[in-house]
Amino acid sequence: YKTVSSSSELYARGYFYVSRSGIVENDDRYYFIVLAAGSNNVAYAGWRKTDGVIKWTLLIKSGTTSVIAYSATGPSLSRWYSVELHWEKDAINGLGELWVNGVKVCAIAGKNTASYGDVNQVRFGLPAIYNCGSTTAYCDCAKTAQSYIGPEP
């Protein structure tokens, strides 16, 4: 967990390695990065099984509901990934974006992300797990910024 200055826009990047995934059924999921505004989580980046396939997933709050986007391709076990989550607060044009190894794999735009206020906490690792079995994941090189961070050179 990292408490940050209240921000209407934030980028959070970390490196993640999953050696054992407990995702088995559709809708099983876990998130590597979660952004919070007070006690409310407003943006998530991780893996989720949908239509029988594990994919990168981005979830943001629009008003009080959740909006989800999935990548076209899925991740693999036992390799490091640079994962970056971008969130921007706006009542009309709020957005969330997910980059993996420097490539934008999911985006959601034109949403009301202002309902819960500014982001003031970032959670790295496995801060949210739903319906999963035993999972082993590693996190390294976590960083937050006001602009795009990108993978380490």
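Below you will find a few notes about this structure.

Reading the values: rules and limits
Residues numbered from 1 in each chain as written. Predicted model: local features only at pLDDT ≥ 70, side-chain atom pairs only at ≥ 80, totals over all residues. Heavy atoms only, no water. Phe/Tyr/Trp six-rings, centres within 6.5 Å; stacked < 30°, edge-to-face > 60°. Helix = DSSP H or I, 4+ residues; strand = E, 2+ residues; numbered from the N terminus. Lys NZ or Arg CZ within 6 Å of the ring centre and 35° of its normal. Pairing = 2+ DSSP bridges. Salt bridge = Lys/Arg side-chain N within 4 Å of Asp/Glu carboxyl O.

1. Some points on the packing of aromatic side chains
At step 1: Under the defined criterion, the tally for this structure stands at 13 aromatic pairs.
At step 2: Between the aromatic rings of tyrosine 17 and tryptophan 80, the centroid separation amounts to 5.3 Å while the plane-to-plane angle is 45°, which identifies the pairing as tilted. Separated by 63 residues along the polypeptide, tyrosine 17 in strand E2 (residues 9–20) and tryptophan 80 in strand E7 (residues 80–88) bring together distant segments of the chain.
At step 3: Over the ring of tyrosine 130 we find arginine 29; its NZ or CZ atom is 4.6 Å from the centre of that ring.

2. Remarks on the pairing of strand E6 (residues 65–70)
At step 1: Of the strand pairs in this sheet, strand E5 (residues 53–62) and E6 are connected by six bridges, and their pairing is antiparallel. Among the inter-strand pairings, lysine 61 is bridged to a residue of E6, identified as serine 66.
At step 2: In this antiparallel pair of consecutive strands, E5 and E6, the connection spans two residues, and glycine 63 shows a positive phi of 65°.

3. Overview of the pattern of salt bridges
At step 1: Counted by the stated rule, this structure contains four salt bridges.
At step 2: Across the pair aspartate 27 and arginine 48 runs a salt bridge whose closest N-O atoms are separated by 3.2 Å. Of this pair, aspartate 27 sits in the loop between E2 and strand E3 (29–37) while arginine 48 is found in strand E4 (residues 40–50), placing the two residues 21 residues apart along the sequence.

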